[in-house]
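Listed below, chain by chain, are the residues.
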Amino acid sequence: MTDRPLTQNLRPDGSPVWLADYEANGGYQGLRRVLTDSTPEACQQVVKDARLRGRGGAGFPTGMKWSFVPMGEKAGLGPKYLIANADEMEPGTFKDRIILEQDPHQLIEGMILAAYAIQADVAYIFLRGEYTVAAQRVAAAIKECYVAGYLGQDIRGSGYSLELHLHRSAGRYICGEETALINALEGKRANPRPKPPFPQVSGLWGRPTIVNNVETLCNITHILTRGADWYQSLGLGADSGTKLFGASGNVKTPGVWELPMGTPIREILENHAGGMHDGYQLRGFLPGGGSTDFLTPDHLDLAMDYDVIGKAGSRMGTGTMIVLDDRHCPIGMVRNLARFFAHESCGFCTPCRDGIPWIVQLLDRFEQGLATEEDLALLEEKARFIGGIGNTHCALAPGAMEPVLSALKYFREDFEQHISGRGCRYQSLGRGH
Ligand SMILES: Cc1cc2nc3c(=O)[nH]c(=O)nc-3n(C[C@H](O)[C@H](O)[C@H](O)COP(=O)(O)O)c2cc1C
């Protein structure tokens, strides 16, 4: 068998793998065995031993997260829930989309096993509103599973029952934050909830709930059927498994590739993304989507591992890189991202609601040639405050400030040049924004 478990079923033409083909490739074969031969606690232990870390951005250990869910009588009366976070609105991130569109049964099988491990009764797939192709295909795959007896009452005679629903988001980035997602599912305004209580204990309708990323859940079937040691052996460094890495920007072949955890950044950008387009030089990149800190060509030989990237001053995030070249303005790029984050603020807390638009206004002044040294000092001070952990209600604003603060660190001469030159020199290239 291949060592690319997440993408092994994908076809070159991108057409979806329906149930018959998924089963013919070995899909759902381990399901009944796990549901009848393994206890939920044993499943949790294997996922812990595999050292799977959540692929939604924060890299929290999945087995540990599950272990916070009350089991048996401790759970009290009422259902428990599992939610697949398929909101995927992080700028530059399009990794879950390929699974949702092309191999929806991989997600569903992983969800059935994850739900069994925490003894959930009901599961939801919370899907980004714009993912219309994924919506049709996931809905059709769920229907196939009910007909085949993989969902519903007494799954394949195992005694375990699970209902699975597809929920299409109305479309806000903040709905990807797990507690805002839970509010949205309940039909409320999608503001994040205070934590504690954590969803594992009190989530959807006040009941124990696990929210996991699509890619995280896809790993579960492979881990439970092939074992923790095998999964650990897939990684090149400290982190286990493979990862859907990606790249966008002025690279020759943007895309998504399943590669071992710990793959060097240079290999991803030069071999898989094909290097920079002719005439463009790499200036920097956001390693894990639009809310991570810039790294530079000096970091190309680092491994894409959570701790390595963390020590270099950024975050692995979603593992999908956005590349900045030498003919685009770094200030224009971070301004564009800051506009997105300002638009997507839920408006609940003042530093995020009023602070990010203020950052956009300051960045506008640089692009318009109006900025002064005082504006530069103000930008840095306000970005530091808004980005400070604990100064805002959730992680949206700190994430939004990561590209801004790291641009101030690595591309400071651009800010200075915008002040002294009274405008953006990149605009003369016709490529300022
Ligand atoms: C503003 C914001 C947006 C987020 N968007 C997503 C998202 O689209 N998909 C996702 O899986 N996690 C997203 N997250 C992270 C989730 O809150 C949560 O940590 C994640 O779904 C947990 O899954 P994991 O443990 O499998 O990584 C977002 C977080 C924040 C603060």
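Residues numbered from 1 in each chain as written. Predicted model: local features only at pLDDT ≥ 70, side-chain atom pairs only at ≥ 80, totals over all residues. Heavy atoms only, no water.

On the surface, a cluster of nonpolar side chains totalling about 270 Å² of accessible area is made up of Phe 60, Met 64 and Phe 68. Tracing the sequence through the fold places Phe 68 in the loop between α4 (62-67) and β1 (81-86). (Patch = residues over 30% accessible without salt bridge, like charges linked within 9 Å, V, L, I, M, F, W, Y side chains within 5 Å. Areas by Shrake-Rupley, 256 points an atom, 1.4 Å probe, with all protein chains shown as cover. Salt bridge = Lys/Arg side-chain N within 4 Å of Asp/Glu carboxyl O. Helix = DSSP H or I, 4+ residues; strand = E, 2+ residues; numbered from the N terminus.)

Look at helix α7 (residues 132-148): 25 Å from first C-alpha to last across 17 residues, which is about the 24 Å you get at 1.5 Å a residue. Restricting attention to buried positions, one finds in α7 the residues Ala 134, Ala 135, Val 138, Ala 141, Ile 142 and Cys 145. The buried residues of α7 all sit within an arc of 140 degrees when viewed along its axis, so they share a single face. Of the exposed residues in α7, the ones pointing more than 90 degrees away from its buried face are Gln 136, Lys 143 and Val 147. Of the surrounding elements, those touching the buried residues of α7 are α5 (95-102), α6 (104-118), β2 (122-127) and β3 (163-168). Among the residues trailing α7, Gly 149 stands out with phi positive, at a value near 85 degrees. (Expected span 1.5 Å × (residues − 1). Buried < 20%, exposed > 50% of the residue type's maximum accessible area, 1.4 Å probe, protein only. Arc of directions from axis to C-beta. Contact = heavy atoms within 4.5 Å.)

Turning to the sheet that holds β3, a few remarks are in order. Taken in spatial order, the 4 strands line up as β3-β2-β1-β4 in an open sheet, and their pairing is parallel. Looking at which strands have only one partner, the edges of the open sheet turn out to be β3 and β4 (209-213). For this sheet the average axis-to-axis angle between neighbouring strands, irrespective of direction, equals 20 degrees. Note that β1 and β4 share 5 bridges and pair parallel. Bridging from a neighbouring strand, Ile 83 pairs with Val 211 of β4. The sheet contacts of α7 involve β2 and β3, and relative to β3 the element is tilted by about 165 degrees. (Pairing = 2+ DSSP bridges. Axes fitted to C-alpha atoms, helices over the stretch in contact; angles between N-to-C directions.)

Before going further, it helps to examine the domain arrangement of the protein chain. The domain boundaries assigned to the protein chain delineate domain 1 (19-234), domain 2 (242-325) and domain 3 (330-429). Placing the centre of domain 2 and that of domain 3 at their C-alpha centroids yields a distance of 22 Å. Taken together, the contact pairs 14 residues of domain 2 with 16 residues of domain 3. A buried area of about 1,200 Å², summed over both sides, lies between domain 2 and domain 3, and 63% of it is on carbon and sulfur atoms. Across the domain 2-domain 3 interface, the total number found is 3 salt bridges. Here Arg 315 makes a salt bridge to Glu 402, at a shortest N to O gap of 3.2 Å. Summed over the shared surface of domain 2 and domain 3, the result is 6 residue pairs in polar contact (both at pLDDT 80 or more). Elements that contribute at least two residues to the side of domain 2 that touches domain 3 include exactly β7 (282-286) and β8 (320-325). When the residues that make up the side of domain 2 that touches domain 3 are grouped by side-chain class, the tally is 5 nonpolar, 6 polar and 3 charged. (Domains from an automatic or database assignment. Buried area = accessible area lost by both parts, 1.4 Å probe. Polar contact = N/O pair within 3.5 Å; in protein donor to acceptor, adjacent residues only side chain to side chain. Nonpolar A, V, L, I, M, F, W, Y, C, P; charged D, E, K, R; others polar.)

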